[in-house]
Amino acid sequence: IALKATTTESDSKVLKQLVFSISGGKHYDDSSVYFFMPNDTPGERLARQKFVAAVENTYYENLIKSKLGSDEQLTWFESLTHATETPDGLNRLVQTMNSTSIPGLKVDQDRRWMIIQQLCKFNAPKASDILASEEKRDTSNRAKDSHLACVSSFPNLENKKDWYEKVKSEKADYSLEQIGQIARNLFPYQQRDLHQTFADDYFKFVSNSFHRDQEYLSAITKELAPAMCSEKSASRIQAFVAASPTMPAVLVKALKVLAQEDGRCAKVQAYNRL
């Protein structure tokens, strides 16, 4: 119903809320259909893939229909970029990096990085080559942060281990802001299977890190926590907090909220399976 409404809705605020509800967006991923859709069994993965493909195609059609050079056109381009996951959709994103591929659309440097981050997150063909080329093209400080977001998001276990250890290190070669950037992109919810591999180590690491700077702990604790959208993971986080009386208050609050959100996610997925 919401997806169909995007083709006729004209109020920009309502339209953005529809998009956030369907496919998420910056700071809105954990309240979207994408986030809540079950994705464990072959049947669930197929159903999700079909829905994602339908969203990609609808957003692209809305982009093509929008007024040339308008804010609406930019909104649909950014929404499409964030919502794209399928091989066909990712290939289409690569084509949009050509400034002449969509009339009226200006794909500036920020939007180029948006595309590349999506390509890396889903390990699209030639994503590494495109990333390397863009790094030479854009040498700004902002580009360095975008590059960190990209390289840490590649869905490869060895890559994850490497960046996970860098985030944990007390002798990190990165600023606190950069550590936060890496942590935010290291385990996107679409990579829960990879994230699960680090669950045991996470609890050991946090238990041994209460002495560390609270700004650092705030930047990484929630982002790295193994919240798997399951009652089991929610209970494990709750039990960890309960068994850690010396845990800094900033972590107690963050993990309690996360456990509550994780339990809510599990309930929504259970309802979707009825």
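S.K.: For the packing of aromatic side chains, give the residues involved together with the corresponding values.
M.R.: Enumeration over the complete set of coordinates arrives at 11 aromatic pairs. The rings of F35, F36 and Y189 are connected pair by pair, giving a single aromatic cluster. Over the ring of W163 we find K166; its NZ or CZ atom is 4.0 Å from the centre of that ring. The cationic tip of R192 hangs over the ring face of F35; the distance from NZ or CZ to the ring centre is 4.8 Å.

S.K.: Give me the lowdown on the state of the cysteines, citing residues and values where you can.
M.R.: By the definition in use, this model includes 1 disulfide. A sulfur-sulfur separation of 1.9 Å characterises the disulfide bridge that pairs C229 with C265. Its S-S torsion of about -95 degrees marks the bond between C229 and C265 as left-handed, since a negative value means left-handed. Separated by 36 residues along the polypeptide, C229 in the loop between α14 (214–224) and α15 (231–242) and C265 in helix α16 (residues 249–272) bring together distant segments of the chain. Pair check on accessibility: C229 and C265 agree, each one buried. For the unlinked cysteine C150, the closest cysteine sulfur is that of C120, found at 4.1 Å.

S.K.: Break down the side chain of K160 for me, with residues and values.
M.R.: Mapped onto the elements, K160 comes out in helix α10 (residues 157–168). Separated by 3.4 Å, the side chain of K160 and the backbone oxygen of F154 make a polar contact. Leaving out residues up to four positions away in the same chain, K160 has contacts with S152, S153, F154, P155, N185, L186, F187, P188, Q191, L194 and F198.

S.K.: Tell me about the side chain of Q181, and please be specific about residues and values.
M.R.: For Q181, the location among the structural elements is in helix α11 (residues 176–186). Within the structure, Q181 has its side chain in polar contact with the backbone oxygen of D145 (distance 3.1 Å). Leave out the neighbours within four places in its chain, and Q181 touches D145, S146 and A149.

Calculation criteria
Residues numbered from 1 in each chain as written. Predicted model: local features only at pLDDT ≥ 70, side-chain atom pairs only at ≥ 80, totals over all residues. Heavy atoms only, no water. Phe/Tyr/Trp six-rings, centres within 6.5 Å; stacked < 30°, edge-to-face > 60°. Lys NZ or Arg CZ within 6 Å of the ring centre and 35° of its normal. Disulfide = S-S within 2.5 Å. Helix = DSSP H or I, 4+ residues; strand = E, 2+ residues; numbered from the N terminus. Buried < 20%, exposed > 50% of the residue type's maximum accessible area, 1.4 Å probe, protein only. Polar contact = N/O pair within 3.5 Å; in protein donor to acceptor, adjacent residues only side chain to side chain. Contact = heavy atoms within 4.5 Å.

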